[in-house]
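Listed below, chain by chain, are the residues.
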Amino acid sequence: MKIKLTGDFATSTGRTEVEIYGPTTVKGLLKALDGSFPNHGWGNCNVAINGTMYSNAWLQPITESDEIVIM
């Protein structure tokens with residue numbers, strides 16, 4: 001799935017979009033991001049899924065077709 005990065009996450013990784021495959025929850029996604037881009041503070045981010053903001057919603061399900069933005 002394509003993940004859009006904004007703010008400090010885009011600046012620190014040097015990317016505005018990354019591709020991550022496999023996670024089915026927000027927690028799994030953040031773990032996968034930390035595996036690909038360690039030490040960027042993924043646990044302190046806000047996540048928008050299909051335009052809805054989530055904060056500390058670790059078990060929120062995600063699918064390959066969701067639009068996900070990390071802020």
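See the structure above.
Draft legend 1. Representation of the pattern of salt bridges within the structure. In the structure shown here, the tally under the stated rule is one salt bridge. When the shortest N-O distance is used, the salt bridge between Glu-67 and Lys-4 registers 3.4 Å. Of this pair, Glu-67 sits in the loop between strand S4 (52-54) and strand S5 (68-70) while Lys-4 sits in strand S1 (residues 2-5); the two residues are 63 residues apart in sequence, bridging distant segments of the chain. Assessed through its relative accessible area of 35%, Lys-4 is described here as partly exposed.

Draft legend 2. View of unusual backbone geometry. One non-glycine residue, Asn-50, lies in positive phi territory at about 50°. Classification of Asn-50 as partly exposed rests on a relative accessible area of 47%. With a phi angle near 60°, Asn-56 is a residue other than glycine that sits in the positive phi range. Mapped onto the secondary structure, Asn-56 falls in the loop between S4 and S5. According to the relative accessible area criterion, Asn-56 is exposed, its value standing at 55%.

Draft legend 3. Representation of the sheet that holds strand S2 (residues 17-19) within the structure. Pairing within the open sheet is mixed, and its five strands lie in the order S2-S1-S5-S3-S4. Both outer strands of the open sheet, S2 and S4, are each paired with one neighbouring strand and no more. Looking at each pair of strands side by side, their axes are set apart by 25° on average, direction ignored. Most of the contacts of helix H2 (residues 26-36) go to S5, to which it runs at about 55°, and overall it touches S1, S2, strand S3 (47-49) and S5.

Procedures and definitions
- Residues numbered from 1 in each chain as written.
- Predicted model: local features only at pLDDT ≥ 70, side-chain atom pairs only at ≥ 80, totals over all residues.
- Heavy atoms only, no water.
- Salt bridge = Lys/Arg side-chain N within 4 Å of Asp/Glu carboxyl O.
- Helix = DSSP H or I, 4+ residues; strand = E, 2+ residues; numbered from the N terminus.
- Buried < 20%, exposed > 50% of the residue type's maximum accessible area, 1.4 Å probe, protein only.
- Pairing = 2+ DSSP bridges.
- Axes fitted to C-alpha atoms, helices over the stretch in contact; angles between N-to-C directions.
- Contact = heavy atoms within 4.5 Å.

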